[in-house]
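# Summary of structural features
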Amino acid sequence: MNLHLQQTQLTKTLNRFKKIRAYSITGYNNIFPIKDFIKNAHKYQQVQLNTGFHFNAIIMDIDNEELLTEWNYQGLPVPTIQTLNKENNKAHLVWLLKTPVYKKHKHVVDYYKAIVNSIKKLIGADEAYQNHQTKNFLNEELYRVTYNDVSYELGDFREFIDQEIVHQNKTYEYEEYSNLIASSRHIHLFEVLRKYGYTIANQTNLHNKLTQRAEAINQGFDEPIKVKHIVKSVLKFCEENRHNFRTTNYIKKVMKFKKIRNLPLKEFKKR
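My aim in this report is to walk through the structure given alongside it, one point at a time.

Calculation criteria
Residues numbered from 1 in each chain as written. Predicted model: local features only at pLDDT ≥ 70, side-chain atom pairs only at ≥ 80, totals over all residues. Heavy atoms only, no water. Helix = DSSP H or I, 4+ residues; strand = E, 2+ residues; numbered from the N terminus. Buried < 20%, exposed > 50% of the residue type's maximum accessible area, 1.4 Å probe, protein only. Pairing = 2+ DSSP bridges. Axes fitted to C-alpha atoms, helices over the stretch in contact; angles between N-to-C directions. Contact = heavy atoms within 4.5 Å. Salt bridge = Lys/Arg side-chain N within 4 Å of Asp/Glu carboxyl O. Parallel < 35°, antiparallel > 145°, perpendicular 65-115°, else oblique. Left-handed = near helix turned anticlockwise from the far one by under 90°. Nonpolar A, V, L, I, M, F, W, Y, C, P; charged D, E, K, R; others polar. Core = buried A, V, L, I, M, F, W, Y, C linked by side-chain atoms within 4.5 Å. Expected span 1.5 Å × (residues − 1). Arc of directions from axis to C-beta.

### Observations concerning the environment of D110
Along the chain, D110 falls in helix α4 (residues 106-123). For D110, a relative accessible area of 16% corresponds to the buried category.

Here it is, written out as structure tokens:
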């Protein structure tokens, strides 16, 4: 792949973040606006894709170079990013998620973790890897990178869930995970729509505007869901609290949350 083209594609992946945490070879880390990180990418060894708020990706650590293509042999979807260390051929595989998994929703997190642990077992990835950060795929000095312009829903990995892992990790039976695919989409739609609702709470035709935005988001799902009740819930809250949004401090907190939503929770609380 043309190096400039690949860099442009990888930049598109990073643009879903407003800010991102990067780690240097010595362990020093810092939080950057994306445009600043891209300019200084050569200084950093790793980047944090999964955060204190939610999971943006499935990340696998492959220490044995003989297992680098095991994902393909097992029939898994092609990774969004494959980052190979030039010195030792150890690699990270990253499957970017279309819909982030919000950590406060335990049932979806359980579903996500069942998928992650099943893939680790299936392809021989490092079972102890924390699935938090990944090799800095913009650092050409350290890594060779293969990029595919694709992202996935959790449902794309459902067939790879290991029943034994599900039973070992309690909460849900294997059959129940099929019901969680739709649940993840409902949560994502609600989170995005409510934040949009805060910004237009005092406008006329609020119901129509919320419905139109909900339908637009819904069309991005592989399997659309019914939006009526989600719209009704957001509408009710906006109408009951429309006067509260005039408070300067409250508006500031609501409106800036999305911009720093990828920071760990402790960093958010400091602000």
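Moving on from the coordinates now.
### A short note on the sheet that holds strand β6 (residues 91-102)
Strand order across the open sheet formed by 4 strands is β4-β6-β5-β8, with antiparallel pairing between neighbours. Each edge of the sheet is formed by a strand with only one pairing partner; in this case those strands are β4 (54-62) and β8 (143-147). Going from strand to strand, the sheet's axes swing by 20° on average, the running direction of each strand aside. Across 5 bridges, strand β5 (residues 81-85) lies against β8 in antiparallel orientation. Across the sheet, residue N85 finds its bridge partner in β8, namely Y143. In this fold α4 packs onto β4 and β6, with an angle of close to 15° to the strand it touches most, β4.

### Let's talk about the pattern of salt bridges
When the charged atoms of two side chains with opposite charge come close together, those side chains can pair. If you walk through the whole model with that rule in mind, you get 1 salt bridge. Here K121 and D162 are joined by a salt bridge, their closest N and O atoms 3.2 Å apart. Of this pair, K121 sits in helix α4 while D162 sits in the loop between β8 and α5 (163-168), placing them 41 residues apart in sequence. Of the residues examined, D162 reaches a relative accessible area of 21% and is grouped as partly exposed.

### Points about unusual backbone geometry
Its identity is not glycine, yet N89 carries a phi of approximately 65°, on the positive side. In this structure, N89 sits in the loop between β5 and β6. A relative accessible area of 22% means that N89 is categorised as partly exposed. Even without being glycine, N131 reaches a positive phi, approximately 55°. Mapped onto the elements, N131 comes out in the loop between α4 and β7 (133-135).

### Some details on the packing of helix α7 (residues 206-218) against helix α8 (residues 228-241)
Orientation of α7 relative to α8, taken along the N-to-C sense of each, is 140°, at an axis distance of 10 Å. By the angle between their directions, the pair α7 and α8 is classed as oblique. Here α7 and α8 pass one another in a crossing that is right-handed. Between α7, through L206, H207, L210, T211 and A214, and α8, the contact on the second element is made entirely by V231, V234, L235, C238 and E239. Here the residues of the contact of α7 with α8 sort into 7 nonpolar, 2 polar and 1 charged.

### Things to note about the pairing of β6
In terms of burial, β6 is largely enclosed, as 11 of its 12 residues are buried. Bridging between β5 and β6 involves 4 bridges; their strand directions are antiparallel. Counterpart to Q82 in the pairing with β6 is L93. Where β5 folds back on β6, the antiparallel hairpin that results is connected by 5 residues, among which N89 adopts a positive phi of roughly 65°.

### Concerning the sheet that holds β7
Adjacent strands of a sheet pair through backbone hydrogen bonds, lying either parallel or antiparallel. Here we have 4 strands laid out as an open sheet, ordered β2-β1-β3-β7, and antiparallel in their pairing. Each end of this open sheet is capped by a strand with a single partner; those strands are β2 (29-33) and β7. Pairwise comparison of adjacent strand axes, ignoring direction, gives a mean angle of 30° for this sheet. Pairing of strand β1 (residues 19-23) with β2, which is carried by 5 bridges, proceeds in the antiparallel orientation. Considered in β2, the bridge of R21 is made with I31.

### Observations regarding the nonpolar core
Core analysis: the largest hydrophobic core is formed by 31 residues, its most contacted members being I58, M60, W95, I119, I123 and F157. When residues of this core are traced back to their parent elements, those giving at least two are β4, β6 and α4. The element contributing the most residues to this core is α4, with 9 residues.

### Re the environment of F157
Its place among the elements puts F157 in the loop between β8 and α5. Separated by 41 residues in the primary sequence, F157 and V116 have C-alpha atoms spaced 9.3 Å apart. Not counting residues within four places of it along the chain, the set of residues in contact with F157 comprises I58, L76, P77, W95, I115, I119 and Y152.

### Overview of α8
Taking 1.5 Å per residue, 14 residues should reach 20 Å; α8 reaches 20 Å between its end C-alpha atoms and fits that length. Taken as a whole, α8 has its buried residues at I230, V231, V234, L235, C238 and N241. Here the buried residues of α8 occupy an arc of 150° about the axis, which is enough to place them on one side. With respect to the buried face of α8, the exposed residues turned more than 90 degrees away are K228, H229, K232, K236 and E240.

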